[in-house]
Amino acid sequence: FFSLYLSFTEWNLVGGISAIHFIGLDNYKALFHDDKLLFSLKNNAIYTLVTVPIGMALGFILAVLINSSVYLKEYFKVVFFIPYIATGVAVATVFTALFHPSRGPVNHFLMGIGISNPPKWLGSTDYALWAIILVAIWMQIGYNIVIYMAGLTNIPEDLYESAQIDGASWMQRLLNITLPMLGPTTFFLSITSIVASFKVFDLIAFLTEGGPNNSTNVLVYYIYEEG
């Protein structure tokens, strides 16, 4: 409540509580006339709209495959989960090398398959945000897999057996049993993923610092810059 009240004031922290001056909606007016803020909001919206659904869809598909068709399930759960628990600095360091315009293995691979002028990735205003989105999805998939696999273990096997006896195909069982039963899990992941996407900071800070030309600036990094 105090933070909300402060948004309607002007305050020099050095002056203490007595330095708080009420200014009404002036801060909000300034906020929505700030082109850099609006651009950061746009970048954040793109980041959220791409990373959340794709990360959840890939997590769901891999969780179903691992749960039903793969040996050593626990091994794969750990392997996919490692990127999620790795620090953002470590991941950023690895991908800085991978996305290097001339010496990175990503561009070497693209040139090897006939693309003579591959993207500069983190150094390009057109591709930098998409490179960060790829990294973010790669980091998040493991978490989504683990949560979805936990949800899959709570679905009674009797439902699948009954459906199979009635002649339901694998796809019908997936659409009519698995997806509805994972509704609460999907809702939980949607909320946590959206919240996390609006808090993204470490990848931006260590990969691009909001550049080039503010093409990867997002809300939290802009707040950090202003602060």
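Refer to the structure printed above.
Residues numbered from 1 in each chain as written. Predicted model: local features only at pLDDT ≥ 70, side-chain atom pairs only at ≥ 80, totals over all residues. Heavy atoms only, no water.

1. Remarks on the packing of aromatic side chains
The final tally for this structure, using the stated rule, is 13 aromatic pairs. Plain terms: the ring middles of Phe-95 and Phe-99 are 5.8 Å apart, the flat faces sit at 35 degrees to each other, and that makes the pair tilted. Put simply, the rings of Phe-95, Phe-99, Trp-121, Tyr-127 and Trp-138 pair up and form one aromatic cluster. (Phe/Tyr/Trp six-rings, centres within 6.5 Å; stacked < 30°, edge-to-face > 60°.)

2. Things to note about the pattern of salt bridges
Applying the stated criterion to the full structure yields one salt bridge. Across the pair Glu-225 and Lys-36 runs a salt bridge whose closest N-O atoms are separated by 3.3 Å. Residue Glu-225 is located in helix H12 (residues 219–226), and its partner Lys-36 is located in helix H3 (residues 35–69); the two are separated by 189 residues in the primary sequence. What makes Lys-36 partly exposed here is its relative accessible area of 29%. (Salt bridge = Lys/Arg side-chain N within 4 Å of Asp/Glu carboxyl O. Helix = DSSP H or I, 4+ residues; strand = E, 2+ residues; numbered from the N terminus. Buried < 20%, exposed > 50% of the residue type's maximum accessible area, 1.4 Å probe, protein only.)

3. A word on the nonpolar core
Counting residues in hydrophobic clusters, the biggest one holds 43 residues, and the most contacted among them are Phe-99, Ile-132, Val-135, Tyr-148 and Leu-203. When contributions to this core are tallied by element, the ones reaching two or more residues are H3, helix H5 (88–98), helix H7 (128–153), helix H8 (157–165), helix H9 (170–181) and helix H11 (202–207). For this core, the element with the most residues is H7, which contributes 14 residues. Beyond its immediate sequence surroundings of up to four residues, Ile-132 is in contact with Tyr-47, Leu-122, Leu-203, Ile-204, Leu-207, Thr-208 and Thr-216. (Core = buried A, V, L, I, M, F, W, Y, C linked by side-chain atoms within 4.5 Å. Contact = heavy atoms within 4.5 Å.)

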